[in-house]
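So the chains spell out like this:
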Amino acid sequence: MEKVVSVFRSKTLKLHTTRSWDFLGLAKDDIEVTSLQFSHDVVVGIFDTGIWPESESFREKPGMGPIPLSWKGVCVKGEKIEPEKACNRKLIGARYYLKGFEQAYGSLNMSGNPEYRSARDFLGHGTHTASTAAGSVVKNASFFGIGQGTARGGAPLARVAVYKVCWGKNLVGRCTEADILAAFDDALHDGVHVISASFGATPPLLPFFASSADIGSFHAMQLGITVVFSAGNDGPDPSLVQNVAPWSLCVAASTIDRTFPTEIVLDSNFSIMGQSIISKEINGKLANAITYFVDGMCNSGNWKQKLATGKIILCFYTPGLVFQMAQEAVKTAKGLGLIFAEPLTKPIADVEDVIPTLHVDISQGTLIGNYLAESPKLPVVRIAPTKTIIGKLPAPTLVYFSSRGPSSISPDVLKPDITAPGINILAAWPSQTPPTLKPSDGRFVEWNFLSGTSMSCPHVSGVVALLKSIHPDWSPAAIRSAIMTTAYTRDTSHDSILAGGSVAGSTPFDIGAGHINPLKAMDPGLIYDMKTSDYILFLCNIGYSQERIKKIVLPTPGVDTSCNNVFETNANVNYPSISVSNLQSTMTIKRTVRNVGWGKTAIYYGSAKEPDGVEVVIWPRLLIFSRLKQEIPYFVTLKPLKISKGRYNFGEIVWTDGFHNVRSPLVVLVNTDANLTLPSTM
């Protein structure tokens with residue numbers, strides 16, 4: 001089996017599900033000027049559920065130039081896809097991959113399972129992510145008037161190529177490894193510059209080269225193509241982050257400064273503000289969950305067979321009960337609506353799904369419950385239509401479900417890398433798909449709200465497209481470095497970014513290097529670059545044989561596939577962050593930076609914020625660059641100053657020339673025992 005990388009069973013992966021670009025600092029005028037100057041020849045590949053070609057986000061705009069000569073892709077004919085009509089100078093490619101899905105699930109069944117045997121999108125996820133990354137500028141976008149404004153992608157003049165690898169199975173997107181790898185092969189041949197892939201598999205994670213996403217993204221890296229993945233939606237517990245390969249970007253999800261307050265009025269004299277996305281006023285009677293469910297637990301198994309017609313039921317979160325379960329339970333009881341009280345940082349507005357739902361925190365829910373208990377009869381409830389408010393503090397906040405580090409298979413490489421907007425993102429939607437996907441939902445829209453790391457991933461992909469257009473010679477590692485070292489860790493109130501699922505500030509395991517800052521990333525000052533040979537050493541260090549590495553590396557002059565010069569730790573990989581998962585004694589780590597500032601000469605001064613119980617020494621402290629693209633190494637010595645086991649601490653390394661601040665997270669787990677002689681603190 002010559003030239004076979006590895007043989008493995010095809011697994012099924014899951015999808016990770018207007019104001020956001022303004023919040024990121026890319027105002028409409030700025031983004032249009034940047035795109036007009038640079039991004040028209042950049043192609044963004046979207047691996048997802050397909051595309052709705054008729055969406056205004058993918059229409060060919062007047063003045064759009066011809067398709068780049070480097071493009072080799074095609075628009076494949078299929079069900080309700082005629083290439084001459086579907087594709088244009090904006091949407092320049094559309095392929096679909098069904099073989100792996102049908103091997104896993106049998107022939108695609110259209111009966112009761114709406115799908116298209118083509119690149120056309122039913123589930124909406126792919127249309128949404130594509131328009132977020134590179135959709136054209138479209139005015140007056142909204143969801144029934146909610147969130148109204150101008151919709152656009154991060155690189156609105158970039159070209160879009162769609163690779164449908166995910167298919168609906170009972171209205172849930174399923175993406176098989178076989179189809180994903182086939183799509184990578186085509187996309188790399190077609191000539192994409194960026195690949196956006198919002199899917200993954202929950203840990204335990206497979207070895208890197210038993211995963212189609214890791215194999216495909218490795219090959220993409222070798223060809224200079226940046227691959228951006230979502231981190232997953234399994235938070236807030238640690239070590240559940242997905243897509244952790246060091247040659248790709250891994251994106252967490254956070255909020256923007258837009259909220260959707262929805263007023264709850266009881267008996268016309270008591271009101272509380274919840275969060276929801278409801279377009280019409282709702283009137284009913286407030287009822288306690290215990291009236292309809294055993295022990296007041298709102299799940300269908302606890303239903304007392306008592307109808308709740310005309311009632312809006314107050315339900316409280318308990319461990320194991322999520323609001324979707326409560327929605328189904330209230331719907332089963334024929335209730336009119338749901339008020340769901342849940343812990344702080346969890347209430348997030350949600351598109352009216354199974355049943356209209358108001359999200360409040362437990363303190364608010366307790367007030368409503370007390371009012372109900374003291375009322376001689378069931379209070380009359382009026383729920384007003386949702387409003388859109390911009391500028392609410394603090395933002396961003398990491399969303400509670402965003403998957404957290406450390407990586408479970410390579411803890412010496414920090415993942416996730418970055419966080420970006422992923423909550424209630426308004427983007428394009430198939431006009432013949434209900435916004436909730438439910439057959440009972442008779443509404444049809446052209447724009448819809450979705451939340452998840454699936455939505456944060458294309459935000460980063462859009463920024464990557466801009467960076468690639470401005471700096472076409474930058475490698476995927478250089479682009480990742482620019483994004484990570486210019487990220488910020490403070491919210492709009494200048495406090496640390498809150499970690500959803502807790503009431504504490506975030507750590508690099510939550511947000512990676514921080515929140516993406518597109519304008520700063522265009523001019524990072526210094527970059528940490530990596531080549532194929534660096535990743536080969538990484539693979540050697542985690543046990544891959546030279547024979548296997550030879551089979552996966554595209555033949556390139558000067559690339560050594562031997563494992564003779566293995567690092568003692570992968571903390572020495574030239575990554576923009578530093579992560580040491582087992583500091584037992586003093587160790588020194590090497591990094592190399594390249595001057596990419598606009599000036600030829602530059603002087604950078606290094607400083608460190610020390611993790612608790614770790615002494616950090618940087619040498620040299622001054623980096624003097626005499627020319628553009630000059631590379632200079634520096635060293636970081638870490639010395640444990642405490643007895644500790646199994647506890648991570650966090651700091652940072654910063655290089656500054658007075659204008660650029662090149663920041664790297666520093667993550668250290670000190671593993672020392674009582675026999676260690678520690679320096680005196682007296």
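### So, helix H6 (residues 177-190)
No. 1: For H6, built from 14 residues, the straight-helix expectation of 20 Å at 1.5 Å per residue is met to within 8% by its first-to-last C-alpha distance of 20 Å.
No. 2: For H6, the set of buried residues is Glu177, Asp179, Ile180, Ala183, Phe184, Ala187, Leu188 and Asp190. Seen from one end, H6 has its buried residues packed into an arc of 160°, which puts them on one side.

### Overview of the confidence of the model for the protein
No. 1: Confidence along the protein averages 91 in pLDDT terms, with 94% of residues attaining 70 or more.
No. 2: Counting contacts from residues 1-5, a segment whose pLDDT is below 50, to residues more than four positions away or on other chains yields seven contacts.

### Some details on the sheet that holds strand S27 (residues 526-527)
No. 1: Strand order in the open sheet made by the four strands is S27-S29-S33-S31, with antiparallel pairing throughout. Each edge of the open sheet is held by one strand with a lone partner, namely S27 and strand S31 (614-619).

### Comments concerning the packing of aromatic side chains
No. 1: Counted according to the given criterion, the structure contains 26 aromatic pairs.
No. 2: On the basis of an interplanar angle of 90° and a centroid distance of 6.0 Å, the ring pair of Trp247 and Tyr535 is categorised as edge-to-face. In this pair, Trp247 is assigned in the loop between strand S11 (226-230) and strand S12 (249-254) and Tyr535 in helix H14 (residues 532-541), connecting sequence segments 288 residues apart.
No. 3: With relative accessibility at 2%, the residue Trp247 sits in the buried group.
No. 4: Across from the ring centre of Trp52, 4.5 Å away, lies the NZ or CZ of Arg120, which sits over that ring.
No. 5: Looking at Lys306, its charged tip hangs above the ring of Tyr292, at a distance of 6.0 Å from the centre.

### Description of the sheet that holds strand S30 (residues 602-609)
No. 1: Strand order in the open sheet formed by five strands is S28-S35-S34-S30-S32, and the pairing between neighbours is mixed. Both edges of this open sheet fall to strand S28 (578-583) and strand S32 (622-625), since each of them pairs with a single strand only. Each strand axis lies, on average, 20° off the axis of its neighbour in the sheet, ignoring direction.
No. 2: Pairing of S30 with S32, which is carried by four bridges, proceeds in the antiparallel orientation. Its bridge partner lying in S32, Tyr604 is registered against Leu623.

### Thoughts on the side chain of Ser481
No. 1: One can find Ser481 in helix H11 (residues 476-485).
No. 2: At 2.8 Å, the side chain of Ser481 and the backbone nitrogen of Tyr528 are in polar contact.
No. 3: Once residues within four sequence positions are removed from consideration, Ser481 is found in contact with Leu526, Ile527, Tyr528 and Pro576.

### A short note on the pattern of salt bridges
No. 1: Throughout the structure, instances matching the rule amount to 18 salt bridges.
No. 2: A salt bridge links Glu102 to Arg117; the nearest nitrogen and oxygen atoms lie 2.8 Å apart. Within this pair, whereas Glu102 is found in helix H4 (residues 99-105), its partner Arg117 is found in the loop between H4 and helix H5 (125-134), the two being separated by 15 residues in sequence.
No. 3: A single salt-bridge network, built from bridges that share partners, covers Arg95, Asp186 and Asp190.

### Quick word on a nonpolar patch on the surface
No. 1: On the surface, Ile603, Tyr605, Leu622 and Ile624 cluster together into a nonpolar patch covering about 410 Å² of accessible area.
No. 2: Those elements that place two or more of their residues in the nonpolar patch are S30 and S32.
No. 3: Judged by its relative accessible area of 52%, Ile603 falls in the exposed class.

### Some points on the state of the cysteines
No. 1: One pass over the structure, following the stated rule, counts four disulfides.
No. 2: Disulfide pairing is shown between Cys166 and Cys175; the S-S distance is 2.2 Å. Its S-S torsion of approximately 105° makes the covalent link between Cys166 and Cys175 right-handed.
No. 3: Classification of Cys175 by relative accessible area gives buried; the value is 0%.
No. 4: The partner cysteine of Cys540 in its disulfide is Cys563, sulfur to sulfur 2.0 Å. Its S-S torsion of about -75° marks the bond between Cys540 and Cys563 as left-handed, since a negative value means left-handed.

### Side note on the side chain of Ser506
No. 1: Relative to the helices and strands, Ser506 resides in the loop between strand S26 (498-499) and helix H12 (508-511).
No. 2: When near neighbours in sequence (up to four residues on either side) are disregarded, Ser506 contacts Ile497, Leu498, Ala499 and Ile511.

### A short note on the pairing of S28
No. 1: Among the six residues in S28, five count as buried, and that is most of the element.
No. 2: Direction of pairing for S28 relative to strand S35 (residues 661-670): parallel, over a ladder of four bridges. Across the sheet, the residue bridging to Leu583 is Val670, located in S35.

Rules of the game
- Residues numbered from 1 in each chain as written.
- Predicted model: local features only at pLDDT ≥ 70, side-chain atom pairs only at ≥ 80, totals over all residues.
- Heavy atoms only, no water.
- Helix = DSSP H or I, 4+ residues; strand = E, 2+ residues; numbered from the N terminus.
- Expected span 1.5 Å × (residues − 1).
- Buried < 20%, exposed > 50% of the residue type's maximum accessible area, 1.4 Å probe, protein only.
- Arc of directions from axis to C-beta.
- pLDDT = per-residue confidence, 0-100.
- Contact = heavy atoms within 4.5 Å.
- Pairing = 2+ DSSP bridges.
- Phe/Tyr/Trp six-rings, centres within 6.5 Å; stacked < 30°, edge-to-face > 60°.
- Lys NZ or Arg CZ within 6 Å of the ring centre and 35° of its normal.
- Axes fitted to C-alpha atoms, helices over the stretch in contact; angles between N-to-C directions.
- Polar contact = N/O pair within 3.5 Å; in protein donor to acceptor, adjacent residues only side chain to side chain.
- Salt bridge = Lys/Arg side-chain N within 4 Å of Asp/Glu carboxyl O.
- Patch = residues over 30% accessible without salt bridge, like charges linked within 9 Å, V, L, I, M, F, W, Y side chains within 5 Å.
- Areas by Shrake-Rupley, 256 points an atom, 1.4 Å probe, with all protein chains shown as cover.
- Disulfide = S-S within 2.5 Å.

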